[in-house]
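# Residue-level structure breakdown
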There are 2 protein chains.
Amino acid sequence: MADSLAYRVLCLLREHGALSRAELADRLAVPRARLLGELGRLTAADQVREAGPAASRGGRRSTLIELSPAYRFGAVDLGATSVRVEVCDRGLEPLAAVEQAVDIRSGPRPVLKVVSELLGKLRADGAFRQLDGLGVGLPGPVSFRDGVPVSPPIMPGWDGFPVRELLAHEHNCPVVVDNDVNIMAIGEGYGGVARSVEDFLYLKLGTGIGCGIHLGGRVFRGKDGCAGDIGHIQVDPNGPVCACGNTGCLEAVFGGAALARDATAAARAGRSPVLAERLAAAGALSAYDVGQAAAAGDPTAIGLIRAGGTALGTVLAGLVSFANPSMIVIGGGLAGLGHRLLAEVRAVVYSRSLPLATGNLPLVLSELGDRAGTLGAARLASDLVFHQA
Amino acid sequence: MADSLAYRVLCLLREHGALSRAELADRLAVPRARLLGELGRLTAADQVREAGPAASRGGRRSTLIELSPAYRFGAVDLGATSVRVEVCDRGLEPLAAVEQAVDIRSGPRPVLKVVSELLGKLRADGAFRQLDGLGVGLPGPVSFRDGVPVSPPIMPGWDGFPVRELLAHEHNCPVVVDNDVNIMAIGEGYGGVARSVEDFLYLKLGTGIGCGIHLGGRVFRGKDGCAGDIGHIQVDPNGPVCACGNTGCLEAVFGGAALARDATAAARAGRSPVLAERLAAAGALSAYDVGQAAAAGDPTAIGLIRAGGTALGTVLAGLVSFANPSMIVIGGGLAGLGHRLLAEVRAVVYSRSLPLATGNLPLVLSELGDRAGTLGAARLASDLVFHQA
C-alpha cells in the first residue's frame with residue numbers, strides 16, 4: 001500500500017523540524033492545493049501547526065510548518081536482563097529515560113508491570129501526560145502483525161502473550177511490538193551511522209547474537225518474524241553444544257555467554273593471570289572482563305577475541321555474499337570489545353566474501369550505543385501514529 | 001515510486017487474459033471514471049482492446065478488455081555453455097524457442113551475434129515482426145540499472161560491456177538485462193511453484209551455484225548486483241581450493257563441475273564400476289552421469305550426492321536462519337538429481353535451522369525447468385514495456 005500524503009508530511013517534519021509549505025510541496029512533489037488541503041486538516045486535528053514565516057525564497061513569503069510540540073512517544077527496549085524506557089518528543093529526542101534490571105524469564109505480567117511502573121514514574125516526573133504511541137522491543141521473535149512474541153527461546157511464558165493489547169489498554173495509546181534487534185536496526189537507520197543507507201545489516205552482539213536486516217529502507221522480518229536469527233548458524237561442526245541443542249552454533253562459540261565461559265575456563269586453567277585475578281576479585285567473569293584483560297595486553301583474552309571475531313567473520317562473510325549489503329553496523333554490549341574485534345571480523349569478511357561485494361563495504365561500530373533500540377522503538381511508534389493520522 | 005495505473009492495468013491483463021471493466025475497477029480499487037479514461041488512452045495507443053461482452057454480473061453488461069494480441073516479447077537466457085531464446089506472446093507463452101551451444105568465454109560480440117542470429121531466425125520463421133521488448137539473463141553479476149555485466153568471474157571480456165545498448169540498437173526495442181539466477185527466480189515467482197509466494201529463495205544448481213532472492217514480490221539484487229552469490233560461501237575450511245582462490249567454497253565442494261571432478265576421480269580409483277564404465281564409454285563424466293549411476297544403485301555415486309546435499313544443506317540452513325523465507329525452490333541442471341538430493345538437503349536444513357523458521361517451510365524442486373529463465377526474462381521485458389506505457 002502506498003503511504004498517505006498525511007504520513008509523508010508528518011515524517012518529513014519529524015526528520016527536519018520545521019519546513020515551509022513551499023519546501024514541503026517540493027519534497028513531496030504534490031500539487032500545492034492538495035498539500036494545503038492536507039495541512040489544513042492536520043492543523044485542525046492539532047497534528048501540525050504554523051511556526052512563523054520562512055526565510056524568503058524570492059517570491060511570496062511561505063509559512064513554516066512544524067509538528068505539534070505536544071507529541072510524546074514512549075520507547076521500551078527490553079533485554080534479557082534489563083529494560084530501558086524513554087519518553088521522546090516529536091523529533092524522537094529523549095525527554096526522559098530510565099533503565100532498570102529485570103529478568104525477562106520472570107514472565108510477561110511481572111515484566112510488563114515493571115515497564116508500566118517505569119512509564120508511570122516518567123509521567124509523575126512530568127515527561128508526559130498522555131502518550132501518543134508506544135514502541136516496544138522484545139528479545140525474541142515477534143509476530144509484528146499480531147504484536148505477540150512467537151516461540152521466543154529465552155522468554156518462558158511469553159509465547160503468544162498479548163503484549164500489544166495489554167500495553168495499549170494500560171496506556172490508552174497505539175502500541176507497536178517488534179524484535180529488539182529490529183528496533184536497533186531501525187534506530188541505526190533513522191539516526192545512526194546507517195542513516196543514509198537503504199540496505200544494511202545491523203549486528204547485535206550481546207549475551208546472544210542477532211541481526212537486523214534493513215532492505216530498501218525497511219526492516220525485513222521474514223515469514224515468521226525470525227529473520228536475522230543468525231546466532232544459530234553453524235560455525236564449527238565440532239564446536240561446543242549450544243542451548244538450542246545443535247553443535248557449534250555461532251552463539252555457542254562467541255557472544256557474551258560463550259566469552260564469559262571461555263574466560264572463566266582460561267582463568268581456572270591458569271592460562272591467564274589477568275583473568276584469574278579478575279575472577280578472584282569478582283567471583284564471575286563477563287565479556288567486559290575479557291575486553292579489559294585484552295586492553296591490558298593479556299594474550300589469552302586477545303586470543304579469545306580473535307577467535308570469536310573469526311567465527312563471527314565467517315558467518316558475516318556468507319551473509320555478505322548472500323545479501324550484498326551497503327553497510328554492516330556492529331552494536332550491542334560486545335561492540336565494546338571495539339577495534340580489536342572489528343579488525344578480526346574485517347580480515348575474515350574481506351578475504352572470504354566476493355571482492356565485488358566487499359569493494360566498497362563499510363563494516364563499522366554503532367555510534368548510538370544504548371539509544372539504538374529506544375530510538376528505533378520511538379520511530380516505530382511515531383510511524384504508527386502518523387499512519388493513523 | 002508507486003506503479004502507474006496503466007502499468008497495473010497491463011499487468012493484470014497479462015496475468016488474467018481478458019477482464020471486464022468492472023473487474024478491473026474492483027481489483028485496482030480506482031474510481032471507474034479514472035479507469036475508463038486510462039483504458040481509452042491505452043486503447044488509442046493499441047496497447048489494449050475490447051474483446052466482446054463479459055458474462056453478466058446482474059447489472060449493465062460490462063465489456064471485456066484484453067492486451068493487444070500484437071505484443072511480442074523476446075527472452076534470452078545465456079548460460080556458460082548454451083543459450084535459450086524465446087519469443088513470447090502477450091501472456092508470456094512461448095510462440096517459438098530455440099537453443100544452441102555457445103561458449104560465454106568467447107566474449108560479448110561473438111556471443112551477442114549468436115543471440116541476434118537466433119532472434120533473426122525466429123523472425124524469419126514468422127514468430128514476430130518487431131519485438132516490443134527484450135529480456136536477457138547473463139551468467140554473472142549485472143548492474144541492473146546500467147544493463148552491463150560487473151566483474152563477472154566466468155565471462156572474460158564482458159566487464160562493463162554495454163549489452164543493453166547494443167541489443168536495444170540492434171533490435172530497436174527496450175531491453176532489460178539481469179543475472180540469470182534472478183530471471184529464473186522471477187520466472188518461478190510469476191508462473192512456477194512459487195507463484196503465490198512473496199518471499200522465497202530460488203537455488204540454481206548448475207555448473208556453479210547461485211541464489212535468486214525474492215522478497216516482497218521483487219528480486220533483491222544488493223548494492224552491486226551480486227546478492228545471492230552463495231557459491232563462494234565456505235562449507236569446509238579444509239576443502240578443495242576453489243576457482244575464486246579461497247578454500248572449501250560450496251561450489252568447490254558441490255555443483256556440476258565439482259561433481260564431475262569427484263566422479264571422475266572415483267571412476268579412476270576403481271571405487272565405482274558404473275562410473276568407470278560410463279567414463280570409458282564417453283571419455284568424460286558429468287553430473288548427469290552421477291545421477292544415472294545413483295539411479296542404478298551405485299553406492300559411490302549416491303555417496304557423492306549425499307555429501308553434496310549435506311554441503312548445500314549447511315549453507316541453506318544458515319540462509320533460512322537469516323532470511324526466514326516462505327519457500328525454497330531448487331532448479332538448474334543438478335535439480336535432475338531429484339529427490340535423493342532433496343532428501344539430504346531437507347535433512348540438514350530441518351535439523352540445523354531454527355524450528356520456527358522451518359516449521360512450515362516447503363523445500364521443493366522447480367517444475368518449470370528450462371523455461372524458468374526465459375519466462376522471467378519475458379516478464380522483465382514486459383514489465384519494462386508496461387512501465388513505459
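Just so it is clear, the structure is predicted and the values come from calculations on it, not from any experiment. Each chain carries its own residue numbering, running from 1 in the direction its sequence is written. Chains carry letters from A onward and ligands carry numbers from 1 onward, assigned in written order. Totals for whole chains, interfaces and linings use all residues, but because this is a predicted model, local features are given only for residues with pLDDT of at least 70 and pairs of side-chain atoms are given and counted only at 80 or more. Where side-chain values are given, they derive from all heavy atoms of the structure, hydrogens and water being excluded.

## Concerning the overall build of chain A
We apply this condition: The helix count covers DSSP runs of H or I at least four residues long, the strand count covers runs of E at least two residues long, and both are numbered beginning at the N terminus. In this treatment the radius of gyration is a C-alpha quantity, and the globule benchmark scales as 2.2 Å times the residue count to the 0.38 power. Any residue under 20% of the maximum accessible area for its type is buried, any over 50% is exposed, and the rest in between are partly exposed; the area is computed with a 1.4 Å probe on protein chains only. By definition, residues are in contact when any of their heavy atoms lie within 4.5 Å. Asp and Glu count as negative and Lys and Arg as positive, but His and the ends of the chain are not part of the count. Lysine's charge is taken at NZ, arginine's at CZ, aspartate's at CG and glutamate's at CD.
Helix and strand content of chain A: 14 helices and 15 strands. Rg of the C-alpha trace for chain A: 23 Å, near the compact-globule value of 21 Å for 389 residues, within the 12% margin. Across its three principal axes, chain A shows a C-alpha extent of roughly 75 × 50 × 40 Å. Residues classed as buried in chain A amount to 57% of the 389 residues present. Partitioning the intrachain contacts of chain A with sequence separation of at least 6 by distance along the chain shows that 59% fall at a separation of at least 24. Charge separation in chain A, taken as the distance between the mean sites of 37 positive and 38 negative side-chain charges, equals 4 Å.

## Quick look at the interface of chain B and chain A
This is how it is decided: By convention, the term buried area covers the 1.4 Å-probe accessible surface removed from two parts as they join, with the contributions of both added. Salt bridges are counted wherever a side-chain nitrogen of Lys or Arg sits within 4 Å of a carboxyl oxygen of Asp or Glu. Contacts described as polar in this section are N or O atom pairs within 3.5 Å, which, within protein, must combine one atom able to donate a hydrogen with one able to accept it, while residues neighboring in sequence count only if both atoms come from side chains.
Counting from both sides, the interface comprises 41 residues of chain B and, opposite them, 41 residues of chain A. The junction of chain B with chain A conceals about 3,300 Å² of combined surface from both sides, 61% of it contributed by carbon and sulfur atoms. Contact with chain A buries surface across chain B, with F322, R352 and L356 of chain B losing the most and accounting together for 27% of the total. Joining chain B to chain A, the criterion identifies zero salt bridges. Our count for the chain B to chain A interface comes out at 22 residue pairs in polar contact (both at pLDDT 80 or more).

## What about helix α2 (residues 21-28) of chain A?
All names here are of chain A. Defined as follows: Within this analysis, the arc is defined by the directions that extend from the helix axis to the C-beta atoms.
Within the sequence span of α2, burial applies to R21, A22, L24, A25 and L28. Projected down its long axis, α2 shows its buried positions confined to an angular sector of 160°, all on one face. On the buried face of α2, the contacting elements are α1 (5-16), β1 (19-20), α3 (32-44), β2 (48-53) and β3 (63-67). A positive phi of about 55° marks A29, the residue just after α2.

## Overview of the sheet that holds β1 of chain A
Residue and element names in this part refer to chain A. This is how the line gets drawn: Whether two strands pair depends on DSSP finding at least two bridges between them.
Taking strand neighbours across the sheet as the criterion, the three strands line up as β1-β3-β2 in an open arrangement whose pairing is antiparallel. Unpaired on one side and paired on the other, β1 and β2 mark the two borders of the sheet. For β2 and β3, the ladder comprises four bridges, and the chain directions are antiparallel. Residue pairing across strands places R49 opposite E66, the latter belonging to β3.

## What to know about the sheet that holds strand β10 (residues 175-179) of chain B
Residues and elements named next belong to chain B. Applied cut-off: Inter-axis angles, ranging from 0 to 180 degrees, are taken between N-to-C directions of lines fitted to C-alpha atoms, where helices are fitted over the stretch in contact.
The strand order across the open sheet formed by five strands is β6-β5-β4-β7-β10, and the pairing between neighbours is mixed. Looking at strand neighbours, the two that pair on one side only are β6 (94-101) and β10, the edges of this open sheet. Each strand of the sheet is rotated relative to its neighbour by a mean of 15°, with strand direction disregarded. Both strand β5 (residues 82-88) and β6 contribute to a ladder of seven bridges, which runs antiparallel. By the bridge assignment, E86 is partnered in β6 with A97. Set on the sheet, helix α6 (residues 180-191) makes contact with β4 (73-78), β7 (133-138) and β10; between it and β10 the angle comes to about 100°.

## Observations regarding the pattern of salt bridges
Opposite charge on two side chains makes pairing possible when the charged atoms of those side chains draw close. Under the criterion given, the structure shown has 43 salt bridges over all chains. R195 of chain A is the salt-bridge partner of E15 of chain A, the closest N and O atoms lying 3.5 Å from each other. Here E15 of chain A is found in helix α1, whereas its partner R195 of chain A is found in the loop between α6 (180-191) and β11 (200-205), with 180 residues between them in sequence. For E86 of chain B, the salt bridge goes to R371 of chain B, with nearest N and O atoms at 2.7 Å. Of the two residues, E86 of chain B sits in strand β5 while R371 of chain B sits in helix α14 (residues 371-387), which places them 285 residues apart along the sequence.

## Points about unusual backbone geometry
Leaving glycine out, the prevailing phi sign among residues is negative, and the prevailing peptide bond configuration is trans. Residues and elements named next belong to chain B. Despite not being glycine, N172 has its phi angle at roughly 55°, a positive value. With respect to the secondary-structure elements, N172 resides in the loop between α5 (163-171) and β10. For N172, a relative accessible area of 58% gives the class exposed. For N324, which is not a glycine, the phi torsion comes out positive at approximately 45°. Structurally, N324 can be placed in the loop between α11 (299-323) and β14 (327-331).

## Structural notes on the environment of A243 of chain B
All names here are of chain B. Following the sequence through the fold, A243 ends up in the loop between β13 (218-219) and α7 (250-253). Classification of A243 by relative accessible area gives exposed; the value is 84%. Residues A243 and P153 lie 90 residues apart in sequence; the distance between their C-alpha atoms is 9.3 Å.

## Some remarks on the relation of the copies chain B and chain A
These two copies of the chain differ by a rotation about an axis and a displacement along the same axis. The test is simple: We place the copies in one frame by least squares, fitting the C-alpha atoms of every residue whose pLDDT is at least 70 in both.
It takes a turn of 180° to lay chain B on chain A, together with a shift of 0.0 Å along the axis; the resulting RMSD is 0.0 Å. This pairing of chains is accounted for by a two-fold axis. Most of the interface of chain B is mirrored in chain A, where 100% of its interface residues again form contacts.

## Here's the deal with the domain arrangement of chain A
Let me state the cut-off plainly: Each domain's limits were defined by an automated method or a database of domain assignments.
Under the domain assignment used here, chain A contains domain 1 (5-67), domain 2 (73-189 + 371-388) and domain 3 (195-365). When each unit is reduced to the centre of its C-alpha atoms, the spacing between domain 1 of chain A and domain 3 of chain A is 45 Å.

## Some thoughts on the packing of helix α10 (residues 287-295) of chain B against α11 of chain B
Residues and elements named next belong to chain B. Rules: Any angle from 65 to 115 degrees is called roughly perpendicular, while one under 35 is roughly parallel, one over 145 is roughly antiparallel, and all others are oblique. Working rule for handedness: look at the near helix, and if it is turned counterclockwise from the far one by less than a right angle, call the crossing left-handed; if clockwise, right-handed. All residues other than Ala, Val, Leu, Ile, Met, Phe, Trp, Tyr, Cys, Pro, Asp, Glu, Lys and Arg, Gly among them, are scored as polar; the first ten of these are nonpolar and the last four charged.
Direction vectors running N to C along α10 and α11 enclose 120°, while the axes themselves pass 7 Å from each other. Between α10 and α11, the crossing angle belongs to the class labelled oblique. Between α10 and α11 the crossing geometry is left-handed. Where α10 approaches α11, its residues V290, G291, A293 and A294 are matched on the opposing element by A301, I302, L304 and I305. Class assignment of the residues belonging to the contact of α10 with α11 gives a composition of seven nonpolar, one polar and no charged.

## Focus on the packing of aromatic side chains
Residue and element names in this part refer to chain A. Operational definition: Whether two aromatic rings pair depends on their centres lying within 6.5 Å, for rings of Phe, Tyr and Trp, where Trp uses its six-membered ring; planes under 30 degrees apart make the pair stacked, over 60 edge-to-face, and the rest tilted. Definition used: whenever NZ (Lys) or CZ (Arg) falls within 6 Å of the ring centre and also within 35 degrees of the ring normal, the charge is taken to sit over that ring.
Enumeration according to the criterion identifies seven aromatic pairs over all chains in this entry. Their ring planes at 70° and their centres at 5.7 Å tell us that Y71 and F386 sit as a pair that is edge-to-face. Taken together, the residues Y71 in the loop between β3 and β4 (73-78) and F386 in helix α14 (residues 371-388) connect sequence positions 315 residues apart. As far as the burial class goes, Y71 and F386 line up, both buried. Among the aromatic side chains, those forming a connected cluster through ring pairs are Y71, F73 and F386. Here the guanidinium or amino end of R221 rests over the ring plane of F144, the centre of that ring lying 3.5 Å away.

## What about the packing of helix α1 (residues 5-16) of chain B against helix α2 (residues 21-28) of chain B?
Residues and elements named next belong to chain B. One can describe the packing of α1 onto α2 by two numbers: an axis separation of 11 Å at closest approach and a directional angle of 120°. In the packing of α1 onto α2, the handedness of the crossing is right-handed. The segment α1 lies against α2, with L5, R8, V9, L12, L13 and H16 engaging L24, R27 and L28. A breakdown of the residues in the contact of α1 with α2 according to their chemical character gives six nonpolar, one polar and two charged.

## Some points on the environment of D132 of chain B
All names here are of chain B. Position of D132 among the secondary structure elements: in the loop between α4 (108-124) and β7. Along the chain, D132 and V176 lie 44 residues apart, while their C-alpha atoms are 12 Å from each other. Setting aside residues no more than four positions away along its own chain, D132 makes contact with A70, Y71, R72, F73, C173, P174 and V385. In this structure the side chain of D132 is engaged in a polar contact, spanning 2.7 Å, whose partner is the backbone nitrogen of R72.

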